[in-house]
Amino acid sequence: MTAAALDAAHDGLRAAGIDFVSGLPDGWQRPLHERVELDPDIRYVPVCNEGVGFSICSGAWLGGKKPALIMENSGIRVASEYIARISLGTGVPVTLLCSYRGDVGETEHWGIPHGIVAEPLLQALRIKYLIVRHVEDLAKSIVRAKRIAEAQLHPAAVLVSGDCVWED
Amino acid sequence: MALDRYEWLGRLAGRIPDDALVMSTYIGAVSFEWAHHTEEHHRSAHLGQMGNVIGLALGLALALPHRKVVCLDGDGSVLMELGQLVAMGEQQPGNLVVFVVDNGVYESIGWSSRGRRPTATAGQVDLAAIAAGCGVPYTVDVTAEEELDAEMDLAFSRDVCSFINVRTRPGHSHVRPRRTDGIEDKYRFVRYVERLEGIWITGVPPQDIALMKGRDR
């Protein structure tokens, strides 16, 4: 993750009023987990499974927090069971900040399935999402995703592409 | 001798501190019996489903560390997502007490002449031992009537993250089912927490806040 992308993601979380983050670090967003963990205004809860992270974020929202779940897009698959049960069934807003592995430009073969599944799965879960391919769009996209999550009482997602994470 | 779930839940309902919050299951026998015993008091969130009840309770406990949070879950649900116990053991919020109604069967799916479908706790699995292995500070597997009141009193008299597995007999009471869905249950609970804590949980659009500030001037 470039220094600019790291700053933009952190700035976006703070500007959105996110005060509770759960997640499972991946290769792209690992520095963001490290940054958020040290932020005194954000309660950071690491998990070993994105589904558990989504449940924890949902419980935190019921207690008045503004939660975000930070994960690789493969984590959307893992969390989908709990997103469906909790958010489709109950209506709980959690902002999802996901690395977009498998987007155009992907260099790792194992990232391809993540890219194939991510968008259709978000659509099946009725989750609106923004794809960010330019670092200057990242902070405001997080703010916008959190806004609509709260307005619709349902998750919204930001998919952060490799174009944003790596220097060419 | 395993315990009677309905009778135990009634005793638990009588011990819940007035200012505590409860994360319970959404549907099924535990939810219906808990709602019956508590007259559907809004301090109980009937929002947990298979595999997410402890996760929801953990998030709630971390969000409101000054507030006792009680979780009511079943063995089949805990078994579906054991990763919740890992997070509970890592975070160890002192205000969280998890009670598991462990009857060793999938009660709410019904049964046939061959009996009820067993969960893994009917075999060798010991949920309290798993929770202890995950780092939960206090865990206990309650099998006897005389232990149960003492464990409940202990749980509510101190701030120690606790996992209390209660072995109960399979079998239903015949209380009426709940009729509300997750949306109504959520609003009931959220509005209760908002009043209790003096906070807003559901959002207000920025333009509405600006409008109200304008009117105040």
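For the structure, check the block above.
Residues numbered from 1 in each chain as written. Chains lettered and ligands numbered in written order. Predicted model: local features only at pLDDT ≥ 70, side-chain atom pairs only at ≥ 80, totals over all residues.

Enquirer: Provide a residue-level description of unusual backbone geometry, including the pertinent values.
Expert: All names here are of chain B. One non-glycine residue with positive phi stands out, namely Glu 39, at about 50 degrees. Note that Glu 39 resides in the loop between helix H2 (29-38) and strand E2 (44-48). A positive phi is found at Gln 92, a non-glycine position, where the angle reads about 50 degrees. Considering the arrangement of structural elements, one finds Gln 92 in the loop between helix H5 (83-91) and strand E4 (96-102). Of the residues examined, Gln 92 has 15 C-beta atoms within 10 Å and is grouped as partly exposed. (Helix = DSSP H or I, 4+ residues; strand = E, 2+ residues; numbered from the N terminus. Buried ≥ 20, exposed ≤ 12 C-beta atoms within 10 Å, placed from the backbone.)

Enquirer: Tell me about helix H5 (residues 112-124) of chain A, and please be specific about residues and values.
Expert: Residues and elements named next belong to chain A. The terminal C-alpha atoms of H5, which comprises 13 residues, lie 19 Å apart, in line with the 18 Å expected from a rise of 1.5 Å per residue. The axis of H5 is deflected most strongly, by about 30 degrees, at Ala 118, and proline Pro 120 appears within four residues downstream. Of all the positions in H5, only His 114, Ala 118 and Leu 122 are classed as buried. Against the buried residues of H5 lie strand E3 (67-72), helix H4 (74-88), strand E4 (95-100), strand E5 (128-132) and strand E6 (156-161). Remark: Arg 126 follows H5 within two positions and exhibits a positive phi of approximately 60 degrees. (Expected span 1.5 Å × (residues − 1). Bend = angle between axes of the 7 residues up to and from the residue. Contact = placed C-beta atoms within 7 Å.)

Enquirer: Which residues make up the sheet that holds E4 of chain B, and what are the values?
Expert: All names here are of chain B. With respect to topology, six strands assemble into an open sheet ordered E2-E1-E3-E4-E6-E5, the strand pairing being parallel. Looking at which strands have only one partner, the edges of the open sheet turn out to be E2 and strand E5 (138-142). Between one strand axis and the next, the sheet turns through 20 degrees on average, direction left out of account. Of the pairings in the sheet, the one linking strand E1 (residues 21-25) to strand E3 (residues 69-74) comprises three bridges and is parallel in character. In the sheet register, Met 23 faces E3, and the bridge partner there is Cys 71. Packed onto the sheet, helix H8 (residues 182-197) meets E1 and E2 and runs at close to 140 degrees relative to E2. (Pairing = 2+ DSSP bridges. Axes fitted to C-alpha atoms, helices over the stretch in contact; angles between N-to-C directions.)

Enquirer: So what's going on with the interface of chain B and chain A? Residues and values would help.
Expert: Listed per partner, the contact involves 30 residues of chain B and 26 residues of chain A. Looking at the side of chain B that touches chain A, the elements that each hand over two or more residues are E2, helix H3 (53-63), H5 and H8 of chain B. If you tally residues by element for the side of chain B that touches chain A, the top one is H3 of chain B, at eight residues. Among the residues forming the side of chain B that touches chain A, the class breakdown is 18 nonpolar, nine polar and three charged. (Nonpolar A, V, L, I, M, F, W, Y, C, P; charged D, E, K, R; others polar.)

Enquirer: Give me the pairing of E2 of chain B: which residues, what numbers.
Expert: Residues and elements named next belong to chain B. Within E2, five of the five residues are buried, which leaves the element mostly enclosed by the surrounding structure. Of the pairings in the sheet, the one linking E1 to E2 comprises four bridges and is parallel in character. Opposite Met 23, over in E2, you have Ala 45 as the bridge partner. In this region the chain leaves E1, passes through H2 and returns to the parallel neighbour E2; the handedness of that crossover is right-handed. (Right-handed = clockwise from strand over helix to strand, strands pointing away.)

Enquirer: So what's going on with the nonpolar core? Which residues, and what values?
Expert: Ala 57, Leu 60 and Cys 71 of chain B are the most contacted members of the largest nonpolar core, which has 113 residues in total. Ranked by residues supplied to this core, first place goes to H3 of chain B with nine residues. Ignoring any residue separated from it by four or fewer positions in sequence, one finds Ala 57 of chain B in contact with Gly 59 of chain A together with Met 23, Val 69, Cys 71, Leu 96 and Val 98 of chain B. (Core = buried A, V, L, I, M, F, W, Y, C linked by C-beta atoms within 7 Å.)

Enquirer: Hey, could you go over the pairing of E3 of chain A for me, with residue numbers and the actual values?
Expert: Residues and elements named next belong to chain A. Counting buried positions over the six residues of E3 gives six, a clear majority of the element. Here five bridges tie E3 to E4, and the two strands are oriented parallel to one another. Its bridge partner being in E4, Ile 70 is matched across the sheet by Leu 97. Handedness of the E3-H4-E4 crossover: right-handed.

Enquirer: Tell me about the sheet that holds strand E2 (residues 43-46) of chain A, and name the residues and values.
Expert: Residue and element names in this part refer to chain A. Reading across the sheet, the six strands line up as E2-E1-E3-E4-E6-E5 and stay open at both edges, with parallel pairing between neighbours. Two strands lie at the open edges of the sheet, namely E2 and E5, each paired on one side alone. With strand direction ignored, the average angle separating the axes of adjacent strands in the sheet is 20 degrees. Strand direction decides the pairing type here: E5 and E6, joined by five bridges, are parallel. Note on E6: the bridge partner recorded for Leu 130 is Val 158. Its contacts with the sheet place helix H3 (residues 50-62) against strand E1 (20-23), E2 and E3, and it is angled at close to 170 degrees to E3.

Enquirer: So what about the environment of Arg 178 of chain B? Which residues, and what values?
Expert: All names here are of chain B. Checked against the element boundaries, Arg 178 lands in the loop between strand E6 (162-167) and H8. For the pair Arg 178 and Ile 27, spaced 151 residues apart in the sequence, the C-alpha separation amounts to 7.6 Å. Aside from chain neighbours lying at most four places away, what touches Arg 178 is Ser 31, Phe 32, Ala 35 and His 46.

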